[in-house]
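What the coordinates show
What follows is the residue order along each chain.
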Amino acid sequence: MCGIVGYLGFRNAEPIIIKGLRRLEYRGYDSSGIATVANGGLQVVKCQGKVQDLVDKIDGSLAESGIGIGHTRWATHGVPNDVNAHPHVSASGKLVLIHNGIIENYASIKEALQSRGVEFKSDTDTEVLVNLIDDIRTVEGVNLAKAVRMALNQVIGAYAICVYEIDNPTKIVVAKKGSPLVVGIGENEFFIASDATPFLEYTKTAIYLEDDEMAVVELGEEVKVRSIPNNKAINPYVHQLQMDIEAIEKGGYDHFMLKEIYEQPKSLRDALRGRLLADQGIIKMSGIFEYREKLVNADRILIIGCGTSWHAGLVAEYLFEDLARIPVEVEYASEFRYRNPVITEKDVVIAISQSGETADTLAAIKLAKERGATIFGVCNVVGSSIARESDAGAYTHAGPEIGVASTKAFTTQVAVLSLMAIQIAYEKGLLKESYYYQLLAELDAVPDKIEKMLESDSKAKYISSLFKDAPNFLYLGRGFNFPVALEGALKLKEISYIHAEGYPAAEMKHGPIALIDENMPVVVIAPKSGQYEKIVSNIQEVKARNGKVIAVVSKGDKEIAAMADHVIEIEESMEVFSPLLTTIPLQLLSYHIAVMRECNVDQPRNLAKSVTVE
Ligand code: M6R
């Protein structure tokens with residue numbers, strides 16, 4: 001993980017870097033730092049903590065500079081402290097570097113450098129890399145770009161780096177493998193970042209480096225991109241970005257997470273727009289249906305993801321099996337890739353990822369591809385590594401999701417997967433015309449229903465105030481809503497630090513029921529559609545042991561209201577789409593509990609938005 005930012009041009013780099021770091025802070029916030037050059041000398045400030053701690057530490061001390069690099073860290077090698085914070089300066093004091101990724105063979109390189117007298121200050125792999133580059137530069141007598149290329153051909157691992165010579169502050173060398181890196185091109189100025197958000201107000205022209213590419217960014221010159229393995233010149237594709245600055249600001253909400261919860265009607269409409277033509281009875285997904293034969297004839301579908309994206313995959317398992325009658329296996333990417341899975345050319349793999357950069361998911365699809373499977377990517381971030389690595393795919397169009405807890409990413413993933421499942425089922429002749437039309441109309445109505453549900457969150461807020469101090473929570477759901485129980489528990493855990501577990505409701509009596517007493521809040525997802533009578537029995541079982549039941553029910557449900565301690569009503573829908581609705585109150589519940597516990601909602605401890613390490 002980690003966020004990197006660089007600037008080279010005619011403006012003062014410091015405010016650009018600081019603003020950029022704030023926008024990339026979602027990528028890691030263990031420490032941050034900045035390095036600029038003024039009056040021939042390097043100015044480095046770095047410290048443990050958030051970007052605000054860095055700003056406090058700088059306290060106006062930096063002289064203006066037209067070059068700068070900055071970093072916000074999610075610690076891998078070395079604890080989060082001031083010394084391990086980036087940027088790292090080489091022992092000679094000649095080079096300064098920032099890095100997002102992991103250098104796996106850093107220990108052997110460090111030993112070799114130490115044996116030649118290089119002294120290290122930090123425990124990081126990054127300090128090893130900057131010294132390796134500097135060592136090659138001096139011993140071989142080559143320029144910085146060549147030294148970077150030679151060094152990167154020696155290292156094993158993943159990286160996005162920015163490095164410059166303190167004595168030559170007109171040039172920054174950048175390189176990428178496995179971690180994202182984009183170069184923004186303005187008029188006589190350049191921006192470098194992990195994603196485009198740090199420079200959107202300055203330029204929308206950008207080059208996304210591919211893996212194994214490096215670039216020399218130099219004042220007065222065009223960006224020169226070359227291949228790291230063979231030094232071939234590359235003509236990069238220059239993107240014109242569509243993203244707006246408003247999309248990455250809080251827009252009056254207290255937190256990004258709350259904004260993103262409330263954006264769901266819009267993001268779902270964006271996900272469905274042009275694809276779901278309910279009144280004409282058409283689903284159009286050109287990216288996917290190029291490979292429709294593969295999907296229609298698939299003997300099985302493998303779905304791969306991590307965290308919330310894995311939960312969306314579980315919902316898709318119910319959708320594809322129920323509607324399209326295709327066997328589905330849903331796998332954690334991190335397990336799939338290491339267990340020598342049986343994959344054949346007949347397999348279809350759907351990779352789900354908000355960021356499109358999750359290292360395990362990326363590695364899993366590379367493995368599946370090598371073994372002949374066809375890969376469909378369901379990603380949010382346009383141009384991301386997983387999207388590019390996939391044979392075909394559909395973007396979720398959720399818009400930038402900045403809160404570390406996924407909200408709108410989940411519902412848009414489920415919406416896109418719903419479209420895929422319905423269309424495949426229809427093409428296989430498994431849906432009666434009237435049912436097909438009903439499915440389309442119901443899916444089309446979901447954004448309006450969510451909008452209605454979001455008109456008030458007072459119930460979720462009130463219930464949160466009652467249970468905010470509970471040390472544990474159980475979440476129960478059945479069928480399509482079992483993955484929602486897992487998702488609800490994950491949301492609560494990650495932002496409020498309350499231990500929570502999601503379970504299939506019927507599984508409770510095989511163990512977790514032992515936990516239930518008058519202190520255990522149990523959130524039961526119990527819409528009218530689905531296995532309603534069965535879940536009513538499960539609620540009775542909890543009540544019989546004095547558990548406190550918070551039930552998510554369909555509007556007007558009197559039966560569960562009479563037995564539960566608290567109910568939150570949702571709009572009625574078909575069972576297949578109920579996860580899109582039931583998940584909303586669970587997002588609100590965890591949000592309000594986290595706020596009431598004074599947790600950092602958007603940047604929960606130990607987490608980062610984009611997990612680009614294995
Ligand atoms: O970007 P991805 O969807 O691949 O990320 C996967 C997980 O890291 C992510 O969903 C994580 O679990 C979220 N913090 C959940 O809210």
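Since the model is a prediction, treat every value here as computed from it, not as a measurement.

Once that is clear, we can look at the site of the ligand. Taken together, 15 residues sit near the ligand, with Ser309, Ser353, Ser355, Thr358 and Glu494 positioned nearest. Contact distances for the ligand include 2.6 Å between an oxygen atom and a side-chain N or O atom of Ser309. Separating an oxygen atom of the ligand from a side-chain N or O atom of Thr358 is a distance of 2.4 Å. Surface burial for the ligand is 92%, taken as the share of its 410 Å² of free accessible area covered by protein chains.

Structurally, Asn100 is set in strand S6 (residues 95-103). Within the structure, Asn100 has its side chain in polar contact with the backbone oxygen of Cys2 (distance 3.5 Å). Setting aside chain neighbours within four positions, we find Asn100 in contact with Met1, Cys2, Ile4, Arg27, Ala158, Tyr159, Ala160, Ser179, Pro180 and Thr612.

Here the idea is plain: a probe the size of a water molecule rolls over the atoms and shows the empty space left. Counted as a void, the second largest pocket has a volume near 710 Å³. Around the second largest pocket, the lining comprises 35 residues; the ones closest to its centre are Cys306, Gly307, Thr308, Leu490 and Val611. If you list the elements that add at least two residues to the lining of the second largest pocket, you get helix H10 (307-324), strand S20 (348-353), helix H12 (359-370) and helix H17 (482-496). With six residues, the single largest contributor to the lining of the second largest pocket is H17. Partitioning the lining of the second largest pocket into residue classes produces 14 nonpolar, 14 polar and seven charged. A domain-level breakdown of the lining of the second largest pocket finds at least three residues from each of domain 2 (250-431) and domain 3 (454-606).

The next thing to look at is the domain arrangement of the protein. Under the domain assignment, the protein is made up of domain 1 (3-247), domain 2 (250-431) and domain 3 (454-606). Using C-alpha coordinates to define each centre, domain 2 is positioned 25 Å away from domain 3. At the interface, 33 residues of domain 2 touch 26 residues of domain 3. Taking both partners together, domain 2 and domain 3 bury about 2400 Å²; carbon and sulfur atoms supply 73% of that area.

Let us now look at the packing of helix H1 (residues 13-24) against helix H2 (residues 51-58). At their nearest, the axes of H1 and H2 sit 9 Å apart, and the two run at 155° to each other. Put simply, H1 runs roughly antiparallel to H2. Within the contact between the two elements, H1 uses Glu14, Ile18, Leu21 and Arg22 and H2 uses Val51, Gln52, Leu54, Val55 and Ile58. Taken together, the residues of the contact of H1 with H2 break down into six nonpolar, one polar and two charged.

Time to look at the sheet that holds strand S24 (residues 499-504). The five strands are arranged S24-S23-S25-S26-S27 in an open sheet whose pairing can be described as parallel. Both edges of this open sheet fall to S24 and strand S27 (566-570), since each of them pairs with a single strand only. For this sheet the average axis-to-axis angle between neighbouring strands, irrespective of direction, equals 20°. Examined bridge by bridge, strand S23 (residues 472-477) and S24 share six bridges and lie parallel to one another. By the bridge assignment for S24, Leu476 is matched with Tyr503.

A few words on the sheet that holds strand S19 (residues 328-332). A sheet is described by the order of its strands in space; here five strands give the open sequence S19-S18-S20-S21-S22, paired in parallel fashion. Of all the strands in the sheet, just S19 and strand S22 (392-395) have a single pairing partner and so form its edges. Within the sheet, the average angular offset between the axes of one strand and its neighbour, ignoring direction, is 20°. Pairing geometry for S20 and strand S21 (residues 374-379), over six bridges, is parallel. From the neighbouring strand, Ile352 faces S21, where its bridge partner is Val378. Lying on the sheet, H10 is in contact with strand S18 (301-305), S19 and S20; it crosses S19 at an angle near 175°. In the packing of helix H14 (residues 408-427) onto the sheet, contacts are made with S20, S21 and S22, and the angle to S20 comes to roughly 160°.

The end-to-end C-alpha distance of helix H15 (residues 433-453) is 30 Å, a good match for the 30 Å that 21 residues give at a rise of 1.5 Å each. Tyr436, Leu439, Leu440, Leu443, Val446, Pro447, Lys449, Ile450 and Met453 are the residues of H15 that are buried.

Cut-off values and rules
Residues numbered from 1 in each chain as written. Predicted model: local features only at pLDDT ≥ 70, side-chain atom pairs only at ≥ 80, totals over all residues. Heavy atoms only, no water. Near = heavy atom within 4 Å. Polar contact = N/O pair within 3.5 Å; in protein donor to acceptor, adjacent residues only side chain to side chain. Areas by Shrake-Rupley, 256 points an atom, 1.4 Å probe, with all protein chains shown as cover. Helix = DSSP H or I, 4+ residues; strand = E, 2+ residues; numbered from the N terminus. Contact = heavy atoms within 4.5 Å. 1 Å grid on protein atoms, 1.4 Å probe; cavity = no way out; pocket = protein on both sides within 12 Å on 5 of 7 lines; lining within 4 Å. Points joined across faces, edges and corners; volume = space filled by probe spheres on them. Nonpolar A, V, L, I, M, F, W, Y, C, P; charged D, E, K, R; others polar. Domains from an automatic or database assignment. Buried area = accessible area lost by both parts, 1.4 Å probe. Axes fitted to C-alpha atoms, helices over the stretch in contact; angles between N-to-C directions. Parallel < 35°, antiparallel > 145°, perpendicular 65-115°, else oblique. Pairing = 2+ DSSP bridges. Expected span 1.5 Å × (residues − 1). Buried < 20%, exposed > 50% of the residue type's maximum accessible area, 1.4 Å probe, protein only.

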